[in-house]
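# Chain and residue survey
Letter by letter, the chains look like this.
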Amino acid sequence: MSDATPWLEPVWQQVNRARLQSRLPHAMLLAGSEGIGKQLLADRIAHALLCEAPDDKGEACGQCAACGWLHAGTHPDLLVLKPDEPGKAIKVDQVRALSAGLAITSHGGRYKVAIVCPAEAMNLNAANSLLKTLEEPTANTLLILISAAPGRLLATVRSRCQQLQAPTPTQAQALDWLAAHGVQGEAATRSVLLAGGAPLRALGLHESGAEAVMAECLEQLQALSEGRLDPLAVAGEWQGDDIALRLGSWRQWLQWLIRARLVPVDKVASDVAQKLQTITESVDCKALYQFMDRIDSALATLGSGLNRQLLLEDLMIRWASMPTRRQNNVMQGSR
Ligand SMILES: [Zn+2]
């Protein structure tokens, strides 16, 4: 099955065992990095609970009427709470509607399941409202909170959920998953690197064309550090709508440069490894950390009205004139 997510299997098994032993919690917090498949896992759990005839492994059958509604997204006992628009807050009215929905008896006579994603998008009023539902659970309901930033949830909300940590896959697992979704070779490796090892995020980066932009950034950074490109020209080129993507990818590459210093990069596909090595040979580790701080500041000031051209020119000039490793003689691997 192309949607197989073997790295999430231990968490699924843990939940499935609890289900078979009738000791499911009324709320769980599914935490883990962005883009590793937490939503897929939450759906799998919800489907297993709502299916009329789960198989002997506890999986939804995919055949019954309930499974049909689930696939159509119309099952009345599965409630999904998310922001009206990506990046916006989940508001208190939405939580109230969810709580009211959970209070109604299940249509199928089984569970009622609510998925909140991303849970950290709840504003304070919304979180406080959900807290009431968490503290007065009704029978046969399961709330699944999904979060890549559980530390941003109210501590009281966190403490009333069973916490499950979804692991990030190995690089091989991530590449297998991408291959099953039609992305292979250097593009797959680069996408996985840029996504911090998260396969679903990697696929998103690839499909949106972001990976191609990020790959171009790497080429330009290499050329800048080797004096083959003019910093002002590159700054001019970066000024478009995707400035946040470019700065974000710069930051991501820096993280990989630092990592390449600390661990061998021979497992990384040759093309990427070579580019990383070319840069790491000429730029020292401490400077890379300081540069990441500068990019964080730049990202934080985007949209504040500061002159983007000046901001980028400053970064590019600094990057192009970074002290070389040989001059600085910084110890490898120190941080
Ligand atoms: Zn079914």
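Numbers given for residues are sequential positions, taken from 1 along each chain in its written order. Per-residue local features of the predicted model are confined to residues with pLDDT of at least 70, and side-chain atom pairs are confined, for both listing and counting, to 80 or more; whole-chain, interface and lining totals are unaffected and use all residues. Water and hydrogen atoms were dropped before computing side-chain values, which therefore reflect all heavy atoms in the structure.

A few words now on unusual backbone geometry. With an omega of -5°, the peptide bond between Cys117 and Pro118 qualifies as cis. By the criteria applied, helices consist of DSSP H or I runs no shorter than four residues and strands consist of E runs no shorter than two, each listed in order from the N terminus. Tracing the backbone through its elements, the reader meets Pro118 in the loop between strand 3 (112–116) and helix 5 (124–135). Residues other than glycine seldom take positive phi values, yet Ser22 does so here, at roughly 50°. Within the element layout of this structure, Ser22 appears in the loop between helix 1 (9–20) and strand 1 (27–31).

Take the sheet that holds strand 5 (residues 162–165) next. Think of it this way: DSSP has to see at least two bridges between two strands before they count as a pair. Strands sit in the order 2-3-4-1-5 across an open sheet of five strands; the sheet is parallel. This sheet does not close on itself; its edge strands, each paired only once, are strand 2 (78–81) and strand 5. For this sheet, the mean inter-axis angle between neighbouring strands, taken without regard to orientation, is 20°. With four bridges joining them, strand 1 and strand 5 adopt parallel strand pairing. Across the sheet, the residue bridging to Met28 is Gln162, located in strand 5. What makes two residues a contact is simply this: any of their non-hydrogen atoms within 4.5 Å. A fitted line through C-alpha atoms represents every axis, and for helices the fit uses only the stretch in contact; the resulting angles, taken between N-to-C directions, go from 0 to 180 degrees. Packing of helix 4 (residues 92–103) onto the sheet brings it into contact with strand 2, strand 3 and strand 4 (141–147), and relative to strand 2 it is tilted by some 170°.

Let us look at the environment of Gln309. Within the secondary structure, Gln309 is located in helix 15 (residues 308–320). C-alpha separation for the pair Gln309 and Gln239, spaced 70 residues apart in sequence, amounts to 6.7 Å. Once residues lying within four places of it in the same chain are set aside, the contact partners of Gln309 are Leu232, Ala235, Gly236 and Gln239.

So, about the coordination of the zinc ion. Every protein donor of the zinc ion is listed here as Cys51 (SG), Cys61 (SG), Cys64 (SG) and Cys67 (SG), and their distances to the metal cover 2.2 to 2.4 Å. Distances define the donors: N, O and S atoms within 2.8 Å of the metal qualify, as do those within 3.2 Å of Na, K or Ca. Water is excluded, so some sites may look unfinished. In short, tetrahedral needs four donors with all angles between 85 and 135 degrees, square planar needs four and octahedral six donors with opposite donors over 155 degrees apart and all other angles between 65 and 115, and whatever is left is irregular. One can describe the donor arrangement at the zinc ion as tetrahedral, given that its four donor atoms subtend angles of 103 to 116° at the metal. We note that the donor set of the zinc ion lies within a single chain, spaced as C-x9-C-x2-C-x2-C. Take Cys61: its relative accessible area is 25%, and that puts it in the partly exposed class. Burial classification: accessible surface area is computed with a 1.4 Å probe over protein chains only, and a residue below 20% of its type maximum counts as buried, one above 50% as exposed, and the rest as partly exposed.

Working note: a packed helix pair is described by the angle between its axes plus the distance between those axes. For the pair helix 1 and helix 2 (residues 38–50), interaxial distance at closest approach is 11 Å and the crossing angle is 25°. Relative to helix 2, the element helix 1 lies roughly parallel. Handedness of the crossing formed by helix 1 with helix 2: right-handed. Residues Glu9, Val11, Trp12, Val15 and Arg19 of helix 1 touch helix 2, and the partners they reach there are Leu41, Arg44, Ile45, Ala48 and Leu49. The class makeup of the residues in the contact of helix 1 with helix 2 is seven nonpolar, no polar and three charged. Should an angle lie under 35 degrees it is considered roughly parallel, over 145 roughly antiparallel, and from 65 to 115 roughly perpendicular; all remaining angles are considered oblique. Here is the rule for handedness: rotate from the far helix to the near one, and if that takes an anticlockwise turn smaller than a right angle the crossing is left-handed, while a clockwise turn gives right-handed. Just so you know the grouping, Ala, Val, Leu, Ile, Met, Phe, Trp, Tyr, Cys and Pro go in nonpolar, Asp, Glu, Lys and Arg go in charged, and all remaining residues, Gly too, go in polar.

This brings us to helix 1. Expected helix span is computed as 1.5 Å times (number of residues minus one). A rise of 1.5 Å per residue sets the reference length of helix 1, with its 12 residues, at 16 Å; its end C-alpha atoms lie 16 Å apart and thus fit the reference within 8%. Inspection of helix 1 places Val11, Trp12, Val15, Asn16 and Ala18 among the buried residues, and these make up the whole buried set. All buried residues of helix 1 project into a common sector of 160° when viewed along the axis, lining one side. Residues of helix 1 that are exposed and point more than 90 degrees away from the buried face comprise Pro10 and Leu20. Those residues of helix 1 hidden inside the fold are in contact with strand 1, helix 2 and strand 5. Backbone geometry just downstream of helix 1 places Ser22 in the positive-phi region, at approximately 50°. This arc describes the spread of directions from the helix axis toward the C-beta atoms.

Between rings of Phe, Tyr and Trp, where Trp is taken as its six-membered ring, a pair exists when centres lie within 6.5 Å; planes separated by under 30 degrees are stacked, by over 60 edge-to-face, and by other angles tilted. All chains considered together, the criterion is met by four aromatic pairs. Both rings, one in Trp250 and one in Phe291, keep their centres 5.2 Å apart while their planes meet at 35°; by these two values the pair is tilted. Taken as a pair, Trp250 in helix 12 (residues 243–262) and Phe291 in helix 14 (residues 285–301) lie far apart in primary sequence, 41 residues in all. Ring centres of Trp250 and Trp319 lie 5.7 Å apart, and the angle between their planes is 85°; on these two criteria the pair is classed as edge-to-face. Residue Trp250 is located in helix 12, and its partner Trp319 is located in helix 15; the two are separated by 69 residues in the primary sequence. Under the relative-accessibility criterion, Trp250 is labelled buried at 0%. In textbook terms, an aromatic cluster arises when at least three aromatic residues are bridged by ring pairs, as seen for Trp238, Trp250, Phe291 and Trp319.

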